[in-house]
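# Architecture and fold: a report
Residue-level listing of the chains:
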Amino acid sequence: MTDTKKTTHDADEDARNRDIKIYVNGDLVHRDEAKVSVYDSGFMLGDGMWEGMRLYDGKWAFFDEHMDRFFASCKSVSLDVGMDRAGILDALARTASANGMVTDVHCRLMLTRGVKVKPFQHPALSRSGPTLVIIMEHSKPAEALQSTGIRLATVPQVRGLPMSQDAKYNSHSKLNCVIACLQAEQAGADEALMLDPHGFVNTTNACNFFIVRKGEVWTSTGDYCMNGVTRQKVIDLCCANDIPVFEKNYSLYEAYSADEAFLTGTFGAQTPVAEIDGKEIGTGERSVTQRIRRLYKELVFANVAGG
């Protein structure tokens, strides 16, 4: 089982990543020397926000959309970013330049509330300002996933109500999703398919989820899932290219009998789903998924060229 385990973040190995430099509060240091304090709010409590972005031909795809989400999330939890968008872009540019990175690069931008004066929860104990870390890796999604697809298992862990922990926060506090992923592994699958509090199909532990039925593309209402940039781009592409698309409640009944299913995320773009709970999805043609994948690739390069 371990040898065949797949995730939506599978990437081709790249030896250059052994010597990358990481941005830590303005300093660029070798990965082996990149450290934050054990008193940091992110380490101690998962108190922080992050973004995943991809670099193509020297440009960050959909940078504005990612920054909209990042700054909105930080504002919602009273987390001072410490710089504006131009400052973030400059930090990204410095990190990419220090690593000689131009394309096929994945970035994890992480901001925490910073170092605490005592090891307790209250945000007022973080007094030294935020901690900003940027990790960039040479990273190209494994093409084999496009033919084999991902195996999902429905898990008991659910995406909760906004008043418990709103899934729209791309927060460091990911234990809910980690538990779901563990449950899927224990069921012999690659990733978890999570339901919403009402039992409708919602998302996976790592990505947004779509199905295709009779030429129509369905996804959740969006009430309980991450407001994914790639998710929204797929919905917009469908609307612009006469592909019927619906944000709606639907159950496992519709998911099991779908013609196609796929996941969306910044890293893998669109990743096909091979099976759900041991049930094969579709016939393997995946014509709608492949069309969306082509349209999305065109959109990325148009965005990069225009940026």
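Residues numbered from 1 in each chain as written. Predicted model: local features only at pLDDT ≥ 70, side-chain atom pairs only at ≥ 80, totals over all residues. Heavy atoms only, no water.

### Let's talk about the sheet that holds strand E3 (residues 48–56)
Strand order in the open sheet formed by 6 strands is E2-E1-E6-E5-E3-E4, with antiparallel pairing between adjacent strands. Whereas interior strands pair on both sides, the edge strands pair on one side only; in this sheet they are strand E2 (27–30) and strand E4 (59–60). Sheet topology note: the E3/strand E5 (residues 105–112) ladder contains 8 bridges and is antiparallel. Residue pairing in the sheet places Met-53 in a bridge with Cys-107 of E5. Most of the contacts of helix H3 (residues 85–98) go to strand E6 (residues 131–138), to which it runs at about 40°, and overall it touches strand E1 (21–24), E2, E3, E4, E5 and E6. (Pairing = 2+ DSSP bridges. Helix = DSSP H or I, 4+ residues; strand = E, 2+ residues; numbered from the N terminus. Contact = heavy atoms within 4.5 Å. Axes fitted to C-alpha atoms, helices over the stretch in contact; angles between N-to-C directions.)

### Focus: the packing of helix H7 (residues 229–240) against helix H9 (residues 287–306)
Look at H7 against H9: their axes get within 10 Å of each other, and the N-to-C directions meet at 105°. With respect to each other, H7 and H9 are oriented roughly perpendicular. Contact with H7, carried on its side by Thr-230, Lys-233, Val-234, Leu-237 and Cys-238, involves Ile-292, Leu-295, Tyr-296 and Leu-299 of H9 and no other residues of that element. Of the residues that constitute the contact of H7 with H9, the class distribution is 7 nonpolar, 1 polar and 1 charged. (Parallel < 35°, antiparallel > 145°, perpendicular 65-115°, else oblique. Nonpolar A, V, L, I, M, F, W, Y, C, P; charged D, E, K, R; others polar.)

### Overview of the side chain of Arg-54
Note on placement: Arg-54 falls in strand E3. Put simply, Arg-54 is tucked away with no salt bridge, and the nearest opposite charge, on Asp-104, sits 4.2 Å away. Among the polar contacts listed, one links the side chain of Arg-54 to the side chain of Tyr-56, at a separation of 3.3 Å. A polar atom in the side chain of Arg-54 sits 2.5 Å from the backbone oxygen of Ser-139. (Buried < 20%, exposed > 50% of the residue type's maximum accessible area, 1.4 Å probe, protein only. Lys, Arg positive; Asp, Glu negative; His and termini not counted. Salt bridge = Lys/Arg side-chain N within 4 Å of Asp/Glu carboxyl O. Polar contact = N/O pair within 3.5 Å; in protein donor to acceptor, adjacent residues only side chain to side chain.)

### Describing the layout of surface pockets
Computed from the structure, the largest pocket encloses a volume of approximately 910 Å³. Taken together, 36 residues line the largest pocket, and the ones lying closest to its centre are His-9, Trp-50, His-106, Arg-108 and Ala-206. Taken together, the elements giving at least two residues each to the lining of the largest pocket come down to E3, E5, E6, helix H6 (175–186), H7, strand E13 (260–265) and strand E14 (269–276). The residue makeup of the lining of the largest pocket, split by class, is 13 nonpolar, 16 polar and 7 charged. (1 Å grid on protein atoms, 1.4 Å probe; cavity = no way out; pocket = protein on both sides within 12 Å on 5 of 7 lines; lining within 4 Å. Points joined across faces, edges and corners; volume = space filled by probe spheres on them.)

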